[in-house]
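Architecture at a glance
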Amino acid sequence: MAIEKTLLDEIKGEVVLPNNPDYKKAIARWATNAERKAKVVVFVKDADDIGKALQYAKQEGLSVAVRGGGHNAAGASSVEGGLIVDLSRHLNKVRIDANAKLGYVGGGSVWRTVDEEAMKHGLATVGGTVNHTGVGGLTLGGGYGWLTNRHGLAADNLRQATVVTADGSILTASSKENEDLFFAIRGGGGNFGVITEFVYQLHPQRSTVFAGPVIYAPDSLKKIIEITNRWWPNAGENEAMCQVATVDPEGRPIFVLLMFYNGSESEGRDAYKEFLDVGPIIDLAKEIPFEDLNAMQNAQSGPGRGAYLKGIKQKAPDFASTLKVLIQAGEISQNQNFFPSIIYEYFPLSKVNAVPIDATAFRRELSPNILLTFAWDGEEEKTQEARATAQKLVDILIEGQKGLSKTEQSGYTNYDTDAALLDVGYTAGNGDRAKLAFSSNYPKLQIIKKKYDPENVFNRWFPIIPAV
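Residues numbered from 1 in each chain as written. Predicted model: local features only at pLDDT ≥ 70, side-chain atom pairs only at ≥ 80, totals over all residues. Heavy atoms only, no water.

Looking at an unreviewed UniProt entry, the protein chain carries the name FAD binding domain-containing protein, with the source organism given as Ephemerocybe angulata. Recorded under Sequence similarities (unreviewed entry), the UniProt text for the protein chain is reproduced unchanged: "Belongs to the oxygen-dependent FAD-linked oxidoreductase family." According to UniProt, the comment filed for the protein chain under the heading Cofactor (unreviewed entry) is "FAD". (UniProt positions renumbered as here; feature names shortened; annotations may be inferred.)

Here's what the structure looks like:
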């Protein structure tokens, strides 16, 4: 207890132990199955606190996790019997420099704060499509969003970061300082340190946009896929869409188009006229304040449920496999008490793929994402069942997407609930999952890992084996 007393004395923030009344709240996460019983949670106030927490963890032989938004269903922000560096309570402020068009964002902030503060100045950047997601996890893993069509990834809009590395050093990472570290954190996840502040490029943004869900019956699916195959290759920089195979409150299959047009309602309805002419059951799309855009999926993505996520890529819209998945969604809802959503993302990728593959750690591919999500209520542990169910749907999708590479089959790194399973990553001794995650950039990341974290302190997300 002497060392813990010293930690309590030296940390400026709050230290929560298992006997503390706030302990249960301190380890709670967006997904209930991502919670782990940590030995100590440190709500850090600054970089110095982080350094002391890391030093304590090393002295005590404790594993370390870092919590920003706590939205990772894999449990990357949690650790059983270890120490959690929690940024969410104190490092959650956002400051906008409107003249320089820069946003200075605390590492524990969520995207809602960024959207709201930036739009006070008519500015925005690429943020999470669920606005209670933390800025850190999304950015460090790449970061697709509704503005990807105009501005690329969240990581592409990162101009600078303040990083506390494993030995407690406080470093600035940018294109001019510690360039190797700047390369690594743009897509390499939390493998290299704790980010206390992100600095984002902001862009002029109109105050309202056309967006919202448009819901169709399953018998409209074939026509929608035909239209999508015509629309997608020519989608403009103001257009983006998510198509969702899911169920209604009674568990019946429905197909939902989450439409987005960066313009007025009349412009949006003109752009999506073919889709709207199919005849939806319900049309809830309308002109909304931009800062409400990333809240569209909040109701379906609230905290306090179990969750499993799995990503895969797609070559082109495919009717047969989409229909099978839609029918399966209804059966899964009725028979397994999951709330399933299979989300086909259509964010135009020209800006993403204009960045060279070796410019950042992120694995860039020409194919858009599919995200499979399974949510469930109650305290029952259903992760294994969800994983097996998801794999059945993935097999259907792979069959419908001929020629997917292994990396495309592995999907977008932020869409992988198994990303923090160390038994299939670092401790397996070969890092195969990380090799898939980072592809040709992996050897360079190993060298950078050896420089900044040779003892692999940060190992909760596609852990990278340091170079020998």
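**Examining helix α8 (residues 221-231)**
Taken together, the buried positions of α8 are L221, I224, I225, I227, T228 and W231. Projected onto a plane normal to the axis of α8, the buried residues spread over an arc of 165 degrees and lie on a single side. (Buried < 20%, exposed > 50% of the residue type's maximum accessible area, 1.4 Å probe, protein only. Helix = DSSP H or I, 4+ residues; strand = E, 2+ residues; numbered from the N terminus. Arc of directions from axis to C-beta.)

**Some words on helix α3 (residues 47-60)**
For an α-helix, the turn length of 3.6 residues means that residues three or four places apart are oriented alike. The end-to-end C-alpha distance of α3, which contains 14 residues, comes to 20 Å, matching closely the 20 Å that a straight helix rising 1.5 Å per residue would cover. For α3, the N-terminal cap is D46; the gap from its side-chain oxygen to the backbone nitrogen of D48 is 3.2 Å. Immediately downstream of α3, the backbone of G61 shows phi near 70 degrees, a positive value. (Expected span 1.5 Å × (residues − 1). Polar contact = N/O pair within 3.5 Å; in protein donor to acceptor, adjacent residues only side chain to side chain.)

**Considerations on the pairing of strand β19 (residues 369-376)**
In terms of residue burial, β19 counts as a mostly covered element, since 8 of its 8 residues are buried. Residue alternation in β19 divides its side chains into two sets, N369, L371, T373 and A375 and I370, L372, F374 and W376, and both sets are buried. For strand β17 (residues 306-313) and β19, the ladder comprises 8 bridges, and the chain directions are antiparallel. In the strand pairing of β19, K313 is matched with N369. Relative to β19, strand β18 (residues 339-346) is paired through 6 bridges, and the arrangement is antiparallel. (Pairing = 2+ DSSP bridges.)

**Notes on the packing of α8 against helix α11 (residues 319-336)**
At a minimum axis separation of 10 Å, α8 and α11 run at an interaxial angle of 135 degrees. One element, α8, and the other, α11, form an angle in the oblique class. For the pair α8 and α11, the crossing hand works out as right-handed. Here L221, K222 and I225 of α8 come into contact with α11, specifically with F319, T322, L323 and L326. For the contact of α8 with α11, the per-class residue count stands at 5 nonpolar, 1 polar and 1 charged. (Axes fitted to C-alpha atoms, helices over the stretch in contact; angles between N-to-C directions. Parallel < 35°, antiparallel > 145°, perpendicular 65-115°, else oblique. Left-handed = near helix turned anticlockwise from the far one by under 90°. Contact = heavy atoms within 4.5 Å. Nonpolar A, V, L, I, M, F, W, Y, C, P; charged D, E, K, R; others polar.)

**A look at the environment of L202**
Relative to the elements of secondary structure, L202 occurs in the loop between β10 (194-201) and β11 (203-204). When its relative accessible area of 2% is taken as the criterion, L202 is described as buried. Separated by 45 residues in sequence, L202 and N157 have C-alpha atoms that sit 7.7 Å apart. Here L202 is in contact with I96, K101, L102, G103, A118, L123, A124 and T125, once residues within four sequence places are set aside.

**Comments concerning the UniProt feature "domain: FAD-binding PCMH-type" (unreviewed entry) in the protein chain**
Under the UniProt annotation, the feature "domain: FAD-binding PCMH-type" (unreviewed entry) is placed at residues 33-205. End C-alpha to end C-alpha, residues 33-205 measures 37 Å, and it is 23% helix and 26% strand.

**Things to note about the nonpolar core**
Counting residues in each nonpolar core, the largest one holds 74 residues, and the members touching the most others are W146, I185, F260, L293, F438 and L445. Of all the elements, helix α7 (residues 179-185) adds the most residues to this core, at 5 residues. The next biggest cluster of nonpolar side chains, apart from the first, holds 41 residues, and it includes V214, F255, Y346 and L372. (Core = buried A, V, L, I, M, F, W, Y, C linked by side-chain atoms within 4.5 Å.)

**Describing the pattern of salt bridges**
Taken as a whole and judged by the stated rule, the model has 28 salt bridges. Here E287 makes a salt bridge to R206, at a shortest N to O gap of 3.6 Å. With a gap of 81 residues between them, E287 in strand β16 (residues 286-289) and R206 in the loop between β11 and β12 (208-216) connect regions that are remote in the sequence. D432 is the salt-bridge partner of K435, the closest N and O atoms lying 3.9 Å from each other. In this pair, K435 and D432 are both assigned in helix α14 (residues 432-438), 3 residues apart and thus about one turn of the helix distant. Among the residues examined, K435 registers a relative accessible area of 41% and is labelled partly exposed. Residues participating in the shared-partner salt-bridge network are K12, D46, D48, D49 and K52. (Salt bridge = Lys/Arg side-chain N within 4 Å of Asp/Glu carboxyl O.)

**Observations regarding the packing of α11 against helix α12 (residues 383-400)**
Helix packing geometry: the angle between the two helix axes and the distance between the axes. At a minimum axis distance of 9 Å, the contact between α11 and α12 shows a crossing angle of 165 degrees. Taken together, α11 and α12 sit at an angle that is classed as roughly antiparallel. Relative to α12, α11 is oriented so that their crossing is right-handed. On α12, the residues that touch S321, K324, V325, Q328, I332 and Q336 of α11 are E385, T389, L393, I396, L397 and G400.

**Section: the side chain of N131**
Along the chain, the position of N131 falls in the loop between β7 (123-124) and α5 (135-140). Beyond its immediate chain neighbours, meaning those up to four positions away, N131 contacts V110, W111, R112, D115, E291, N294, A295 and N298.

**Thoughts on unusual backbone geometry**
A positive phi is found at N178, a non-glycine position, where the angle reads about 45 degrees. Within the secondary structure, N178 sits in the loop between β9 (170-174) and α7. Located in the positive-phi region is F462, a residue other than glycine, with phi close to 40 degrees. Inspection of the secondary structure assignment puts F462 in the segment after α15 (442-452). Here F462 falls in the buried class, since its relative accessible area comes to 5%.

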